[in-house]
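Okay, here's what each chain looks like letter by letter:
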Amino acid sequence: MRKIAFLLFFTECFFSTHSIAQAKLKPAIPAEINRPKLVVGIVIDQMRWDYLYRYYNRYSSNGFKKLITQGYSFENTFIPMVPTYTAVGHSCIYTGATPSTNGIVGNNWYEKTTKKSMYCTDDSTVQGVGNNDNAGKMSPKNLWSTTITDELRLSNNFESKVIGIALKDRGAILPAGHSANAAYWYDDKNGKWITSNYYMLQLPEWVNAFNQKDNAGNYMKQDWNTFYPINTYTQSTADNQDYELALPGLQTPTFPQKLSGITTSLKYSTFKYTPAAATFTFDFAKKAIENEKMGSGKVTDFLTVSISSTDYMGHSFGPNSIEAEDTYLRLDKDIADFINYLDGKMGKNNYLIFLSADHGAAHVPGFLKSHNINAGVFSDNIIFQQLNKMIEDNFSTKNAVLSVQNYQIYIDQVKLKNEGKDLNAVKKMITESLKNYPFIINAFETEKLNSATLGEPIKTMLANGFTPTRSGDIQFIVKPGYFDGGIKGTTHGLWNPYDAHIPLLFYGWNIKPGKTNRETYMTDISPTLAALLHIQMPSGSVGKVLGEVVK
């Protein structure tokens with residue numbers, strides 16, 4: 001009897017313990033899927049990753065620092081393709097795809113199917129709304145893949161509202177995707193926000209009301225001086241360097257920047273270079289949230305905001321300038337103000353922010369050389385002229401090179417074939433000639449990339465950036481610190497960490513504070529958002545879900 005009783009007791013305990021264990025292992029099924037009211041994607045044009053920490057001690061506690069300390073920071077996020085330009089970066093962030101599958105191989109390229117030069121968002125079939133010239137003839141038609149914003153709209157039969165905002169057309173249009181309710185960009189001829197009839201036939205009244213206030217013109221009545229005493233800008237080189245560019249309409253690159261003296265229509269173009277243009281962009285974003293009632297419905301809405309002024313400024317002055325330091329200290333305050341606005345409008349933890357950049361930037365070569373660091377510039381146009389002369393001299397064919405851009409050579413293969421010329425011989429001559437330039441490390445035919453002797457990650461980045469109908473025929477690789485440009489200012493576009501290492505921060509709804517130094521990629525942003533929102537990832541996405549923020 002004792003044996004039977006013990007056996008019954010053991011059996012009961014076993015099944016009871018097993019049931020409890022099974023209950024613990026079995027995941028709870030939520031009554032409904034929880035999603036944020038609003039997702040805000042903030043892309044800072046030309047923001048190098050190190051800007052997060054270069055000025056960290058001068059940031060307020062409620063801007064970048066709040067995103068870093070109260071959000072999740074992916075410290076080692078890279079762009080996995082070249083070229084590293086604005087259109088390419090914005091497209092990659094929102095599609096999770098590289099140019100090889102989303103088609104955006106540069107800001108500009110030579111379209112082989114039409115034999116014409118193409119700007120990334122050009123669309124001759126549409127008309128501007130709020131604008132009567134080519135600045136309004138824009139749409140996302142050149143983007144092959146869907147975006148995460150498209151997928152959000154598709155997930156609920158287009159109930160979600162999606163709006164894209166940026167000074168640059170490409171910074172507004174490409175993130176907003178194909179099915180957006182609206183995309184708005186800045187007309188630098190009159191200081192107004194415009195769109196195209198791809199989205200709507202007329203501007204909403206709230207946009208007209210915003211435009212009528214001439215906010216850009218009013219900001220330009222105030223000179224740009226440093227926010228703090230100029231002698232406290234110890235992270236920067238002294239003001240007025242020979243390698244800096246003066247703002248349009250001004251004579252010197254010095255503080256105070258006498259913006260109030262620019263009284264012609266040029267003021268609206270110069271405005272793009274100033275920190276006030278970021279404030280202007282966030283002000284417009286707030287109006288979009290309020291007037292379009294974003295985040296107030298039953299489904300998640302998505303606002304994409306690209307801050308373009310940082311890029312215009314960066315090209316002129318470079319990363320080590322007082323202008324750069326002042327711009328980011330002021331941007332920090334804009335971000336703090338925007339977070340505070342969202343807290344009041346949406347309620348804390350009801351919105352999700354991610355912040356990243358489309359690319360970084362190189363130091364100005366003049367600055368590096370003054371500190372005995374190798375750097376330099378060259379001219380694509382000179383290479384273009386020299387290659388065409390060489391081909392004409394050796395093959396009697398004029399203008400065989402169609403374009404030199406994106407560090408690639410586009411060859412008129414049809415012309416060479418029609419004239420009976422040896423195309424392979426022409427390609428070989430161009431490739432060998434390029435290798436003789438002192439700033440070029442290597443050159444090869446793009447379709448022979450697999451056999452080219454290249455280290456990683458360069459080889460993979462080049463493959464990710466290549467598509468046959470839009471990429472060039474020959475690629476060349478330049479030394480670190482070198483780029484196509486002038487002796488003043490700087491640019492970006494290459495594989496190097498200064499161009500490809502970007503910030504990536506998630507903050508707000510369901511995001512627990514933390515950071516990781518594991519290597520992650522720009523392509524991971526959209527699939528991570530898809531996982532957080534429980535929707536399909538974009539149609540060309542090749543990225544991975546960042547598990548740290550979806551636990």
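Notes on the structure follow. In this text the structure is predicted, and so the values were computed from the model without any measurement.

## Quick look at the overall build of the protein
When helices and strands are counted, the protein shows 20 helices and 19 strands. Taking 2.2 N^0.38 as the reference for a compact globule, 551 residues should give roughly 24 Å; the C-alpha atoms of the protein span a radius of gyration of 26 Å, in line with that estimate. With the C-alpha coordinates of the protein rotated into their principal frame, the extents come out at 110 × 60 × 50 Å. Across the 551 residues that make up the protein, the buried fraction comes to 58%.

## Quick look at a nonpolar patch on the surface
There is a patch of nonpolar side chains on the surface, built from M537, V545 and V550 and spanning about 190 Å² of accessible area. Positionally, M537 belongs in the segment after α20 (525–533).

## So, the packing of helix α8 (residues 205–212) against helix α11 (residues 276–291)
One can describe the packing of α8 onto α11 by two numbers: an axis separation of 10 Å at closest approach and a directional angle of 150°. Judged by the angle between their axes, α8 and α11 are roughly antiparallel. Considering only the axes of α8 and α11, their crossing is right-handed. On α11, the residues that touch W206, V207 and F210 of α8 are F280, D283, F284, K287, A288 and N291. For the contact of α8 with α11, the residue count by class is 6 nonpolar, 1 polar and 2 charged.

## Topic: the sheet that holds strand β12 (residues 401–405)
Pairing within the open sheet is antiparallel, and its 4 strands lie in the order β12-β13-β15-β14. With partners counted over all chains shown, the strands left at the sheet margins are β12 and β14 (440–445), one partner each. With strand direction ignored, the average angle separating the axes of adjacent strands in the sheet is 15°. Sheet analysis places β12 next to strand β13 (residues 408–411), joined by 4 bridges and oriented antiparallel.

## Here's the deal with the packing of aromatic side chains
Following the criterion strictly, the structure yields 38 aromatic pairs and no others. Ring geometry for F210 and F280: centres 5.7 Å apart, planes at 50°, overall tilted. Note that F210 is positioned in helix α8 and F280 in helix α11, a separation of 70 residues in sequence. As far as burial versus exposure is concerned, F210 and F280 are alike and both buried. Centroid distance F210 to F284: 5.2 Å. Interplanar angle 70°. Geometry classified as edge-to-face. Of this pair, F210 sits in helix α8 while F284 is found in helix α11, placing the two residues 74 residues apart along the sequence. Residue F210 is classed as buried on the basis of its relative accessible area of 8%. What links up through ring pairs into an aromatic cluster is the set Y184, Y186, W193, W206, F210, Y219, F271, F280 and F284. The ring of Y233 carries R58 above its face, with NZ or CZ at 4.8 Å from the centroid.

How each quantity is defined
- Residues numbered from 1 in each chain as written.
- Predicted model: local features only at pLDDT ≥ 70, side-chain atom pairs only at ≥ 80, totals over all residues.
- Heavy atoms only, no water.
- Helix = DSSP H or I, 4+ residues; strand = E, 2+ residues; numbered from the N terminus.
- Rg over C-alpha atoms; globule rule 2.2 N^0.38 Å.
- Buried < 20%, exposed > 50% of the residue type's maximum accessible area, 1.4 Å probe, protein only.
- Patch = residues over 30% accessible without salt bridge, like charges linked within 9 Å, V, L, I, M, F, W, Y side chains within 5 Å.
- Areas by Shrake-Rupley, 256 points an atom, 1.4 Å probe, with all protein chains shown as cover.
- Salt bridge = Lys/Arg side-chain N within 4 Å of Asp/Glu carboxyl O.
- Axes fitted to C-alpha atoms, helices over the stretch in contact; angles between N-to-C directions.
- Parallel < 35°, antiparallel > 145°, perpendicular 65-115°, else oblique.
- Left-handed = near helix turned anticlockwise from the far one by under 90°.
- Contact = heavy atoms within 4.5 Å.
- Nonpolar A, V, L, I, M, F, W, Y, C, P; charged D, E, K, R; others polar.
- Pairing = 2+ DSSP bridges.
- Phe/Tyr/Trp six-rings, centres within 6.5 Å; stacked < 30°, edge-to-face > 60°.
- Lys NZ or Arg CZ within 6 Å of the ring centre and 35° of its normal.

So far we have only geometry, and geometry alone does not tell us how the molecule works.
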